[in-house]
Amino acid sequence: MKRPELLSPAGDLDRLKIACIYGADAVYIGGRDYSLRANANNFSLEEIKEGCEFAHKLGKKVYLTLNIVFHNEDINGVYDYIKEAVLAGIDAFIVSDLFLVNYIKDNFKVEVHLSTQDSITNVESVKYLKNMGIDRVVLAREVRGCDIKKIIEETKMPIEVFIHGAMCTFVSGRCVLSNYFTGRDSNRGGCAQICRFLFDINDEKDFSMAVKDLNMSKYIKDMIDIGIASFKIEGRMRSPFYLAVVLSSYKRIIEAVLNNTLTDDILNKEITILSKVSNRENSTHFYMKDADISDQYYLGRNENSNQDYLGIVIKKENNLYTIRQRNYFKVGDDIEIITPNLDIIKLSVNNLLNEHNEKITVANQADSIIKIEIQEELPLYSMLRKPYLD
Ligand code: SF4
């Protein structure tokens, strides 16, 4: 079995670092221009350089999205921007507009990946793109597993597919709801996620067009078996905590599959963990069958923020760990610690100090500095959370 790449979103430098530390083999990022998440805190060229240096030191790769639908006025400056991004250390560009392919391939030694925005779903398209010199295709989310297998077998093209996160209600990139309702162009980075809103239709209140989120954890073995090159997580706006939990969960599943140690117990544990960090129902959508009414999610947006993230280890002196606290917890609480080594450590909090080393009983101020004595050896960037496992 070939080891697949685990590919993480990274909305900013902090997320890029957490993704690399928590098991991503590569990250995809957006620059300030030409990327489909214009409202994310996108990377400046200096940040791209810093992110590439950080990732490369850990043996990870960085891909830059250039996947807006280019209008004439968008083309000014893109060639210079690509040159700068290559100098900054980018390993691949994710493009949707084909005019960029020859320019990049003729001038630079970096890979070109075709974005999911191009909705590629069949063998012939992939063969055509391979002949153009494209190095990888990110398939449309709407392709069944048996068709992914056929594409890989008949083209030998490295194929990337989404395994986790939000789905577009409409075939990705074929939607103008956001343009119509808000004037924000979803194909130039402005999607306002209108499909998640609640609509009143014919006096029927609260109808939403949204679909459930994608979760392919149960099918990772199958996806490795058919030779998918890259497993992609959605969500450049997701929090560092979300990324750490989701990436480490998928990484453990992938390692267990490759080592032939995956059991139902292990898988169910990871499914439980992934369900805790998600605030919407999920589905496998098109992988096993055409999506149907069971894949719809009628409840609209779910704005409940996750309160499970308690803090992150930012310093250690022997067994005294300095934590940047996030959500409320107190002495006597049972908590879990996840580590960049993919361990999950259970702990009962019995020793809390404030930043002046004075005893406290509760940690209740977001972003404050606290200290905890912990006997286990924890790496920096370990994260404290509410218990997810019995
Ligand atoms: S409004 Fe919904 S379906 Fe349309 S582009 Fe945005 S997320 Fe996709």
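Residues numbered from 1 in each chain as written. Predicted model: local features only at pLDDT ≥ 70, side-chain atom pairs only at ≥ 80, totals over all residues. Heavy atoms only, no water.

Draft legend 1. Structural context of helix H11 (residues 264-277). Taking 1.5 Å of rise per residue, the 14 residues of H11 would be expected to cover 20 Å, and the 20 Å separating its terminal C-alpha atoms lies within 8% of that figure. Looking only at H11, the buried set comprises Leu-267, Glu-270, Ile-273, Leu-274 and Val-277. Seen from one end, H11 has its buried residues packed into an arc of 120 degrees, which puts them on one side. In H11, the exposed positions that point more than 90 degrees away from the buried face belong to Asp-264 and Asp-265. (Helix = DSSP H or I, 4+ residues; strand = E, 2+ residues; numbered from the N terminus. Expected span 1.5 Å × (residues − 1). Buried < 20%, exposed > 50% of the residue type's maximum accessible area, 1.4 Å probe, protein only. Arc of directions from axis to C-beta.)

Draft legend 2. Local environment of the domain arrangement of the protein chain. Partitioning the protein chain into structural domains gives domain 1 (5-295) and domain 2 (309-385). Between the C-alpha centres of domain 1 and domain 2 there is a distance of 33 Å. Every contact between the two is made by 11 residues of domain 1 and, on the other side, 11 residues of domain 2. Contact with domain 2 buries area across many residues of domain 1, yet Ile-21, Tyr-22 and Phe-241 alone supply 54% of it, more than any other trio. Put simply, domain 1 and domain 2 have 0 salt bridges between them. Viewed at the interface, domain 2 and domain 1 are joined by 4 residue pairs in polar contact (both at pLDDT 80 or more). Elements with a contribution of two residues or more to the side of domain 1 that touches domain 2: helix H1 (13-21) and helix H10 (240-258). No other element matches the 7 residues that H10 contributes to the side of domain 1 that touches domain 2. (Domains from an automatic or database assignment. Contact = heavy atoms within 4.5 Å. Buried area = accessible area lost by both parts, 1.4 Å probe. Salt bridge = Lys/Arg side-chain N within 4 Å of Asp/Glu carboxyl O. Polar contact = N/O pair within 3.5 Å; in protein donor to acceptor, adjacent residues only side chain to side chain.)

Draft legend 3. View of the sheet that holds strand S16 (residues 334-338). Taken in spatial order, the 8 strands make up an open sheet running S17-S16-S22-S13-S14-S21-S18-S19, and their pairing is antiparallel. On the outer flanks of this sheet lie strand S17 (344-348) and strand S19 (359-360), each paired with one strand and no other. Sheet topology places strand S18 (residues 352-354) next to strand S21 (residues 369-373); 3 bridges connect them, and they run antiparallel. Paired with Leu-353 across the bridge in S21 is Lys-371. (Pairing = 2+ DSSP bridges.)

Draft legend 4. Examining the packing of aromatic side chains more closely. Tallying each qualifying case throughout the model produces 8 aromatic pairs. Centroid distance Tyr-79 to Phe-99: 6.3 Å. Interplanar angle 85 degrees. Geometry classified as edge-to-face. Of this pair, Tyr-79 sits in helix H4 (residues 78-88) while Phe-99 sits in helix H5 (residues 99-107), placing them 20 residues apart in sequence. When its relative accessible area of 26% is taken as the criterion, Phe-99 is described as partly exposed. (Phe/Tyr/Trp six-rings, centres within 6.5 Å; stacked < 30°, edge-to-face > 60°.)

Draft legend 5. Representation of the site of the ligand in the model. Close to the ligand lie Cys-168, Thr-169, Phe-170, Cys-175, Ser-186, Cys-191, Gln-193, Ile-194 and Cys-195. Grouping the amino acids of the shell around the ligand by side-chain chemistry returns 6 nonpolar, 3 polar and no charged. (Near = heavy atom within 4 Å. Nonpolar A, V, L, I, M, F, W, Y, C, P; charged D, E, K, R; others polar.)

Draft legend 6. Structural detail: unusual backbone geometry. Here Ser-119, not a glycine, exhibits a phi torsion of approximately 55 degrees, which is positive. With a phi angle near 75 degrees, Tyr-381 is a residue other than glycine that sits in the positive phi range. With respect to the helices and strands, Tyr-381 occurs in the loop between S21 and strand S22 (383-385).

Draft legend 7. Local environment of the pattern of salt bridges. Summed over the entire model, instances satisfying the criterion amount to 29 salt bridges. A salt bridge links Glu-255 to Arg-3, with the nearest nitrogen and oxygen atoms 2.5 Å apart. Highlighted residues: Glu-255 in helix H10 and Arg-3 in the segment before strand S1 (5-9), separated in sequence by 252 residues. Taking the relative accessible area as the measure of exposure, Arg-3 reaches 47% and is therefore partly exposed. With a shortest N-O distance of 2.8 Å, Glu-5 and Arg-136 are connected by a salt bridge. Of the two residues, Glu-5 is situated in strand S1 and Arg-136 in strand S6 (residues 136-138); the sequence distance between them amounts to 131 residues. One salt-bridge network, in which partners are shared between bridges, spans Glu-5, Arg-136, Glu-160 and Lys-232.

Draft legend 8. View of H4. Those residues of H4 lying buried are Val-78, Tyr-81, Ile-82, Ala-85 and Ala-88. In an axial view of H4, the angular spread of the buried residues amounts to 120 degrees, which keeps them on one side of the axis. Following H4 by one or two positions, Gly-89 has its phi on the positive side, about 115 degrees.

Draft legend 9. Examining a nonpolar patch on the surface more closely. Taken together, the side chains of Ile-201, Phe-207, Ile-293 and Tyr-298 make up a nonpolar region of the molecular surface, amounting to roughly 380 Å² of accessible area. Position of Tyr-298 among the secondary structure elements: in the loop between strand S12 (282-283) and strand S13 (309-317). (Patch = residues over 30% accessible without salt bridge, like charges linked within 9 Å, V, L, I, M, F, W, Y side chains within 5 Å. Areas by Shrake-Rupley, 256 points an atom, 1.4 Å probe, with all protein chains shown as cover.)

Draft legend 10. Here's a closer look at the pairing of strand S5 (residues 111-114). Across 4 bridges, the pairing between strand S4 (residues 92-95) and S5 is parallel. Bridge pairing links Ala-92 to Glu-111 in S5. Where S5 meets S6, 2 bridges bridge the pair, whose relative direction is parallel. Paired with Leu-114 across the two strands is Val-137, which belongs to S6. In the classification by handedness, the crossover that spans S5, the intervening helix H6 (residues 123-131) and the parallel S6 is right-handed. (Right-handed = clockwise from strand over helix to strand, strands pointing away.)

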